[in-house]
Structure formats: structure tokens, C-alpha cells
Amino acid sequence: MYGPTWGASAPAKVILLGEHAVVFGKPAVSVAIGLRLRCRIRLAAVPSLNGIQLGPQNYSYVSACLAKRNAPPTAVLTDSDFPSGSGLGSSAAVTVALLAALAASTGSFKEDVVAREAFEVECDVQGRASPIDTSTCTHGKGILVSRERESSLLWEMSKDTRRWCVHDLPVPKMTLVVGFTGKSKPTGPLVAKVKRYVDHSTFARDMVDEIGEVTMEGVRHMSKGDLEGLGRMMTKDHKLLAILGVSTRELDKLVSSVLPYSYGAKLTGAGGGGSMVALTDRPEEVVDIIRRKGGQPFTAETGVPGVKID
Ligand code: MEV
């Protein structure tokens, strides 16, 4: 790259409890993990991502970030430790890292502003979203999204009638193993599918309420360092998400095969493919089983920082 450049990086995230229901304003819990997406920018004649010119049909998150910050034509380079569409927050990480790099280029980087702008970009591009992915990629560590405001509040976000209080959440020492199915699914259509179901079915609305309750019970276990209790809630959450129609045969197979060696396991993120996560004290066995069942396993480091200006 010629001329001055600015860079930032953001972590991947794993949702432990509450995905999908959080879009309806229910609570959710997530952690940042030790895989990062790095982004570098410089001024250019035409806007591009990794050498490909931006157009109306491609890289909508990148174009939306440039528009959000009224940026001049910018060349964007990214490289990532994790695949896109894997349920680990690749679109949130690219959005957060790019907005942070753009803010750094004008000397105006602030974590809460990046979190807000990133949430707005996700809503615009995806159609519907909650702030959990973008807040986790921004703040790092652990995140609790809830309706009520607690003393650990980081920021509040709202959209139409929905409101989310985003908190810093202390994460106990724990081992997570992620299993990627190898199948990528964009989040937007899955979120829209759940909305259609919820709009037309009291049963689906009850499932969303129950995910909210299971999440809060999981948070109580987590705050006491009770990994067995947290794991039980994760497994229960997986069953509720499956009833909502966002699991797949591959995800169910990976989840059920690791359960004998885990406190709990579930799909993580939007589902429809993507990844599952297991909470375990037997990571080697879980990694081995995921591999034998055709998934791509890795042990996820937690307690990692959020967005960083590089
Ligand atoms: C996707 O990682 C999480 C969802 O709940 C969508 C969102 O919260 O924006 C499915």
C-alpha cells in the first residue's frame, strides 16, 4: 500500500446463550475469542476490498461502513483467522475493525461510537439485528445484553420499540471448543425466517421467551462459576433453537456427539450451518470427536481484548 495507512483489528465472538431471541429484545451472553480479523486502509482512486472494486452488489458491509463515516474513496485490505459465515461474527468483526480504522484516520476513535455505528451498519445491511455481535467484537471479553440496566453498563442501543442494555460480563475460567460445520450461511435470511415464525405463532413466541429465561438462569450459574449449570442451560438453549428451526442435521450431530464429554453444547450464532460450541473440561476428546464427525474443531481462548488500533 502507498501513502499513509491506518489499521485496526477485532476479535471473533461466540454466543453462549440467547442468539435469535436477543433480536426480539431478550437477554444474551457472548464472549470474544482469540481469533482476529485485521483491517488496513489507505486513500485510493476508487473504493475496493482486497483489490476488488466495490459495487452495489458486493461487500455491502464495507460500502456501508465507508458511507457511515462519509469516507473518501478508500482501499481496504483484510485478513482473518476465521472464515466468513462460520457463526463467529465475521461481518461484525470486519465492520468494527473497518469503522475503527476509519475513525483512527481522522483521529476520532472512541469505543462506544464504533459499537453504535457498527450496530447501525449491521441493521442496515442485515435488515434486522441485535447489538450483541458488534458490541462483543468492539469491547471483547464477555458481554451480557439485557433489558435492565446494571452497574456494569457499557452502552444502550435501541431500534424501533426494542432496547438493549449492553454490559461488561466477567467470564470465569472455562474451556470452549468450537466446531465449524464447513457450511456458511448469511445471518440476515435466518433472522428473517425466525421473525416470520414468531409473527405467526404463539408457540414460537413462547420459545423466544423461554430462551430469555434459560439465558438468565445461565448467567446466574456463570456468576457463581458453576460450569455444570451453565452447560445445562447451553444444551437446553440448543434444543429451543432447534425448535425455532435454525439448527441443521450437522449441528445436531456435532452437539449430541460431544455431550458425553462436555458440560453442555449448542449451535452458536445464526445457525443454518456455521458452528457449534461445547463447554468442557475434556477439550482433547471433544476436538477429536468433532474432527471424526466431519467438523473443523478448535479450542477457543477467552478473556481477549476487543477492537485495537494497530
Ligand atoms: C448472530 O450471530 C446472532 C443473531 O442473534 C443475530 C443478531 O443478534 O443480530 C442470530
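Provided above is the structure to which this section pertains.
Residues numbered from 1 in each chain as written. Predicted model: local features only at pLDDT ≥ 70, side-chain atom pairs only at ≥ 80, totals over all residues. Heavy atoms only, no water.

## Quick word on the pattern of salt bridges
What the rule picks out here adds up to 14 salt bridges. As a salt-bridge pair, Lys 195 and Asp 199 come within 2.7 Å of each other at their nearest N and O atoms. Of this pair, Lys 195 and Asp 199 both sit in helix α5 (residues 187-200), four residues apart, roughly one helical turn. Looking at Lys 195, the relative accessible area reads 28%, which means it is partly exposed. For Arg 292, the salt bridge identified is with Asp 288, shortest N-O distance 3.3 Å. Within this pair, Arg 292 and its partner Asp 288 are both found in helix α9 (residues 283-292), separated by four residues, close to a single helical turn. (Salt bridge = Lys/Arg side-chain N within 4 Å of Asp/Glu carboxyl O. Helix = DSSP H or I, 4+ residues; strand = E, 2+ residues; numbered from the N terminus. Buried < 20%, exposed > 50% of the residue type's maximum accessible area, 1.4 Å probe, protein only.)

## Considerations on the site of the ligand
In the vicinity of the ligand lie 14 residues, with Lys 13, His 20, Ala 129, Ser 130 and Asp 133 positioned nearest. Lys 13 places a side-chain nitrogen or oxygen 2.8 Å from an oxygen atom of the ligand. His 20 is positioned such that a nitrogen or oxygen atom in its backbone is 2.9 Å from an oxygen atom of the ligand. Protein coverage of the free-state accessible area of the ligand, which is 290 Å², stands at 99%. Class assignment of the residues belonging to the shell around the ligand gives a composition of seven nonpolar, four polar and three charged. Both domains that meet at the shell around the ligand, namely domain 1 (6-171 + 305-309) and domain 2 (176-300), each give it at least three residues. (Near = heavy atom within 4 Å. Polar contact = N/O pair within 3.5 Å; in protein donor to acceptor, adjacent residues only side chain to side chain. Areas by Shrake-Rupley, 256 points an atom, 1.4 Å probe, with all protein chains shown as cover. Nonpolar A, V, L, I, M, F, W, Y, C, P; charged D, E, K, R; others polar. Domains from an automatic or database assignment.)

## Some thoughts on the packing of aromatic side chains
The final tally for this structure, using the stated rule, is one aromatic pair. Taking NZ or CZ as reference, Arg 128 lies 4.9 Å from the ring centre of Phe 24, over its face. (Phe/Tyr/Trp six-rings, centres within 6.5 Å; stacked < 30°, edge-to-face > 60°. Lys NZ or Arg CZ within 6 Å of the ring centre and 35° of its normal.)

## A few points about the side chain of Thr 215
Within the secondary structure layout, Thr 215 lies in helix α6 (residues 202-223). Residues in contact with Thr 215, not counting those within four places in the same chain, are Leu 17, Gly 18, Pro 27, Ala 28 and Val 29. (Contact = heavy atoms within 4.5 Å.)

## Remarks on unusual backbone geometry
Positioned with a positive phi, Asn 50 is a non-glycine residue whose angle comes to about 50°. Tracing the chain through its elements places Asn 50 in the loop between β3 (48-49) and β4 (52-53). Backbone geometry at Lys 141 places phi at a positive 50°, although glycine is not the residue there. Here Lys 141 shows up in the loop between α4 (132-139) and β6 (142-146).

## Observations regarding the sheet that holds strand β11 (residues 275-279)
Sheet architecture is open: four strands sit in the order β10-β11-β9-β12, paired in antiparallel fashion. Every other strand in the sheet has two partners, leaving β10 (264-268) and β12 (296-300) as the edge strands with one partner each. Between one strand and the next, the sheet's axes are offset by a mean angle of 25°, whatever the strand orientation. Pairing geometry for strand β9 (residues 176-180) and β12, over five bridges, is antiparallel. Its bridge partner lying in β12, Val 178 is registered against Phe 298. (Pairing = 2+ DSSP bridges. Axes fitted to C-alpha atoms, helices over the stretch in contact; angles between N-to-C directions.)

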